[in-house]
Amino acid sequence: MKTMKTALIAAALLATAGFANAQSATYAIDPTHTYATFEIAHFGTSTNRARFDKKEGTVSLDRAAKTGKVEITFDMNGINSGSAAFDKHLKSDDFFAVEKFPAAKFVGDKFTFNGDKVTEVSGVLTLKDKTAPVTLKASNFNCYQNPMLKREVCGGDFTATIDRTQWGVDYGLAWGFPKEVRLVIQVEAVKQ
């Protein structure tokens with residue numbers, strides 16, 4: 001009887017531990033390791049690039065249930081191409097109309113996994129008050145115990161190619177600039 005009682009207690013503890021591990025964890029975006037960069041061809045010769053330096057957000061991740069949600073907001077005034085003149089043009093009405101639309105937001109709530117690794121995040125991007133679907137594909141994903149923070153950190157590298165005209169960013173189409181823009185996202189988030 002004592003052995004059976006001990007076995008039942010041990011089973012209950014294991015079940016409780018399994019339930020705790022299956023619960024979703026919340027992670028805060030680490031702005032020093034998170035960047036959203038876009039790339040667009042420039043007259044078929046080179047590639048123009050810029051990134052959004054000011055961002056914040058959270059990720060909920062449940063690797064056992066294979067679910068998650070990410071919400072990241074970008075301060076459009078934080079655009080950085082490395083050229084003040086180009087940054088000013090990108091903030092103008094020709095492109096992002098930052099005065100009227102100071103923020104952009106990505107919300108992804110469909111996560112695809114391969115084992116415990118995220119391979120894809122699908123959601124919507126809201127930019128210039130227009131919302132359209134975006135699927136980010138992971139080229140790398142990992143979670144690790146950060147030795148300095150003493151907390152778990154998850155993150156990866158993601159890419160997507162979008163049609164910028166879905167958000168009303170049409171500048172330069174008549175001159176041959178492509179409507180396709182490549183997004184390159186590196187993200188790390190710290191477990192809370």
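Scroll up for the structure.
Anyway, here's the lowdown on the structure attached to this text. (Residues numbered from 1 in each chain as written. Predicted model: local features only at pLDDT ≥ 70, side-chain atom pairs only at ≥ 80, totals over all residues. Heavy atoms only, no water.)

Focus on the overall build of the protein chain
Part 1: Counting its secondary structure elements, the protein chain contains two helices and eleven strands.
Part 2: Listing each helix as α and each strand as β along the protein chain from the N terminus yields α-β-β-β-β-β-β-α-β-β-β-β-β.
Part 3: Taking all 192 residues of the protein chain together, 35% fall into the buried category.
Part 4: Partitioning the intrachain contacts of the protein chain with sequence separation of at least 6 by distance along the chain shows that 56% fall at a separation of at least 24.
Part 5: Summed over its atoms, the accessible surface of the protein chain is roughly 11200 Å², and 56% of this surface lies on carbon and sulfur atoms. (Helix = DSSP H or I, 4+ residues; strand = E, 2+ residues; numbered from the N terminus. Buried < 20%, exposed > 50% of the residue type's maximum accessible area, 1.4 Å probe, protein only. Contact = heavy atoms within 4.5 Å. Areas by Shrake-Rupley, 256 points an atom, 1.4 Å probe, with all protein chains shown as cover.)

Considering the side chain of Asp 30
Part 1: In this structure, Asp 30 sits in the loop between strand S1 (25-29) and strand S2 (35-42).
Part 2: Within polar-contact distance, the side chain of Asp 30 engages the side chain of His 33 at 2.8 Å.
Part 3: Residues contacting Asp 30, with those up to four places away along its chain left out, are Glu 188, Ala 189 and Val 190. (Polar contact = N/O pair within 3.5 Å; in protein donor to acceptor, adjacent residues only side chain to side chain.)

As for the nonpolar core
Part 1: With 43 residues, the main nonpolar core has Phe 38, Leu 61 and Phe 96 as its most contacted residues.
Part 2: For Leu 61, the residues in contact, after removing those within four places along its chain, are Gln 23, Ser 24, Ala 25, Tyr 27, Thr 67, Gly 68, Phe 111, Phe 113, Val 118, Phe 141, Cys 143 and Cys 154. (Core = buried A, V, L, I, M, F, W, Y, C linked by side-chain atoms within 4.5 Å.)

Digging into the pairing of strand S3 (residues 46-52)
Part 1: Strand direction decides the pairing type here: S2 and S3, joined by seven bridges, are antiparallel. Note on S3: the bridge partner recorded for His 42 is Ser 46.
Part 2: The hairpin formed by S2 and S3 contains three residues between the paired strands, and Phe 43 there has a positive phi angle of roughly 55°. (Pairing = 2+ DSSP bridges.)

Description of the state of the cysteines
Part 1: Taken as a whole, this structure holds one disulfide when the rule is applied.
Part 2: Sulfur-sulfur distance for the disulfide between Cys 143 and Cys 154 comes to 2.0 Å. Handedness of the Cys 143-Cys 154 disulfide follows from its S-S torsion of about 115°: it is right-handed. Note that Cys 143 is positioned in strand S9 (residues 130-146) and Cys 154 in strand S10 (residues 151-163), a separation of eleven residues in sequence. Of the two residues examined, Cys 143 and Cys 154, each falls in the buried class. (Disulfide = S-S within 2.5 Å.)

What to know about the pattern of salt bridges
Between side chains of opposite charge, pairing is possible as soon as their charged atoms come close.
Part 1: Taken as a whole, this structure holds nine salt bridges when the rule is applied.
Part 2: In this structure, the salt-bridge partner of Arg 63 is Glu 152, at a minimum N-O distance of 2.7 Å. Residue Arg 63 is located in the loop between strand S4 (55-62) and strand S5 (67-75), and its partner Glu 152 is located in strand S10; the two are separated by 89 residues in the primary sequence.
Part 3: Residue classification places Glu 152 among the buried residues on the basis of a relative accessible area of 16%.
Part 4: Each of the salt bridges in this network shares a partner with another, and the network as a whole consists of Glu 39, Arg 49 and Arg 182. (Salt bridge = Lys/Arg side-chain N within 4 Å of Asp/Glu carboxyl O.)

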